[in-house]
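Listed here are the chains, written in short residue letters.
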Amino acid sequence: MKKTFCMLCLCLFGYFVKAQQRLEWNLHTFGFADNREYTNAGLYSQSILGIRVAPEIGISVDSIHRVRFGINFLQEFGAQPFGAKVNPTAYYNYENKGVSFYLGAFPRVDLIGDYPRAVLNDTLMYYRPNIEGLFLRYQKEGFHQQLWVDWTSRQTANDREQFMVGLSGKFQKNLFFFSHHLTMLHTASSLNETFPVRDNMTGMLQLGLDLSKRTTLDSLTFSAGMLLSLDRQRGLYESRTPKGAIIDVHAAYRAVFLNNTFYKGQAHDIMFGDRFYTKDTYNRLDLGWKPFRLANLEGSFMLSLHFTPGQISNQQMLLLRYNLGGGIKLKD
């Protein structure tokens, strides 16, 4: 067994020595101002303002294998002490023939940043920028499928064990598409205390119509489907399985865009989902403007109106993303 392991290590070492290598680096900056006026809906109102700076450096081998190291630094404006929130970044990435694989602590924004807010809320991009676990995707023209695991809390004497598993994908043929987003959050006990084990599952399935190439708009899509969840705390209550219908509309023309999401059904308790879905009826209208979209720089402003039974809440978001990267060849 030892001889086999040593031979494997020698083969891998020989491959990395002979392969074409590049030293790569990347700097991602994310500034945000998010003002949430949710009191009318009986939800928590807050203003989230800050900036994230995430430098990375690593080695690329044949543009297939990558190893990256870095940090993701958060400073919320006015927070003390300055620089208290830093997330380490360290991961391996494989890219080849439509297969993407990540292992370690790696940025979530380009991998699962498009999840519906009902399933994963948008505060994750502010406070949990990295997935800590693994991610696997296969994609080809008109199709992609991905699976990921995010370990959100390791079991210790005081901390409960918690991890999330996600499965999502999309298939598109001509004008029609089908998408699905599934998650399961599992929460167990700490070493010193016994808590009821909680399983919190969510599923969103939609059929859609993409008319982007049939109109003068830059994009126009319609989709409709079901939002389902399952929640149980073992020994406290039986499984709760609310469900309802959800409809999405998206339109964009040049720098202006509009999104509308309407939900009607039973109230959900999705732990990492948007808390507006604790209502049995909810409509979100987003009116947005992207004044500039350059190669490495994107800025956007969005006004969101949240309609719940008898009430209207509002939200204003200003987001700025800047990416800068490059690399140098180390050997031929």
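Everything below is about the structure shown above.
The rules behind these values
Here, residues in each chain are numbered from 1, in the same order as that chain's written sequence. Only residues with pLDDT of at least 70 are given local features in this predicted model, and only at 80 or more are side-chain atom pairs given and counted; all residues enter the totals for whole chains, interfaces and linings. Side-chain descriptors were evaluated using all non-hydrogen atoms of the structure, hydrogens and water having been removed beforehand. Aromatic rings from Phe, Tyr and Trp, with only the six-membered ring used for Trp, were paired whenever their centres fell within 6.5 Å, and each pair was classed as stacked if the ring planes differed by under 30 degrees, edge-to-face if by over 60, and tilted otherwise. Helix and strand assignments follow DSSP, with helices taken as H or I runs no shorter than four residues and strands as E runs no shorter than two, numbered in order from the N terminus. Using a 1.4 Å probe on the protein chains alone, a residue whose accessible area is under 20% of its type maximum counts as buried, one over 50% counts as exposed, and one in between counts as partly exposed. Whenever Lys or Arg places a side-chain nitrogen within 4 Å of a carboxyl oxygen from Asp or Glu, that contact is recorded as a salt bridge. Take the buried residues of types Ala, Val, Leu, Ile, Met, Phe, Trp, Tyr and Cys, join any two whose side-chain atoms come within 4.5 Å, and each joined set is a nonpolar core. Throughout, a residue-residue contact means that at least one pair of heavy atoms, one from each residue, lies within 4.5 Å. Whether two strands pair depends on DSSP finding at least two bridges between them. Polar contact criterion, stated in full: a pair of N or O atoms within 3.5 Å, where within protein one must be able to donate a hydrogen and the other to accept it, and residues adjacent in sequence count only if both atoms are side-chain atoms.

1. Some thoughts on the packing of aromatic side chains
Point 1. A complete count under the given rule lists 17 aromatic pairs for this structure.
Point 2. Between Y38 and F276 the ring centres are 4.8 Å apart and the planes differ by 75°, which places this aromatic pair in the edge-to-face class. Pair noted here: Y38 is in the loop between β1 (21-37) and β2 (46-61) and F276 is in the loop between β14 (256-265) and β15 (281-293), with a separation of 238 residues, a long-range link.
Point 3. Judged by centre distance (6.4 Å) and plane angle (80°), the rings of Y126 and Y127 are edge-to-face.
Point 4. Given the relative accessible area of 35%, Y127 is considered partly exposed.

2. Here's the deal with unusual backbone geometry
Point 1. Residue P81 is bonded to the preceding Q80 through a cis peptide linkage, with omega at -5°.
Point 2. Positionally, P81 belongs in the loop between β3 (65-76) and β4 (85-96).
Point 3. One non-glycine residue, K97, lies in positive phi territory at about 50°.

3. Side note on the pattern of salt bridges
Point 1. This model, assessed by the stated rule, comprises 18 salt bridges.
Point 2. In this structure, R117 and D122 form a salt bridge, with 3.2 Å as the shortest nitrogen-oxygen distance.
Point 3. For D122, a relative accessible area of 11% puts it in the buried group.
Point 4. A salt bridge links D199 to R232, with the nearest nitrogen and oxygen atoms 3.2 Å apart. Within this pair, whereas D199 is found in strand β10 (residues 198-210), its partner R232 is found in strand β11 (residues 219-233), the two being separated by 33 residues in sequence.

4. Some details on the nonpolar core
Point 1. One finds F106, I112, L120, F135, W148 and Y277 to be the most contacted residues of the largest nonpolar core, which totals 26 residues.
Point 2. Within the residue set of this core, elements represented by two or more residues are β5 (99-107), α2 (109-112) and β6 (130-140).
Point 3. Excluding anything up to four places from it in sequence, W148 contacts I112, Y115, L120, L134, F135, M164, V165, G166, L167 and T183.
Point 4. Listed in part, the 10 residues of the second largest apolar core include F32, Y126, M302 and M317.

5. Remarks on the pairing of β5
Point 1. Bridge count between β4 and β5: seven bridges; the pairing is antiparallel. Paired with A90 across the two strands is A105, which belongs to β5.
Point 2. Linking β4 to β5, which pair antiparallel, is a turn of two residues; within it K97 sits at a positive phi near 50°.
Point 3. Direction of pairing for β5 relative to β6: antiparallel, over a ladder of nine bridges. Bridge pairing links S100 to R137 in β6.

6. Considerations on the environment of L297
Point 1. Positionally, L297 belongs in strand β16 (residues 297-308).
Point 2. By relative accessible area, L297 is classed as partly exposed at 24%.
Point 3. Taking the C-alpha atoms as reference, L297 lies 4.5 Å from Y322; in sequence the two are 25 residues apart.
Point 4. Setting aside residues no more than four positions away along its own chain, L297 makes contact with F292, L320, R321 and Y322.

7. Things to note about the side chain of N72
Point 1. Turning to its location among the elements, N72 is positioned in strand β3.
Point 2. On the basis of relative accessible area, N72 is assigned to the buried category, the value being 6%.
Point 3. Here R52 takes part through its side chain, which lies 2.8 Å from a polar atom of the side chain of N72.
Point 4. Beyond its immediate stretch of four places on either side in the chain, N72 contacts R52, V53, A54, K85, V86, N87, T89, P129 and N130.

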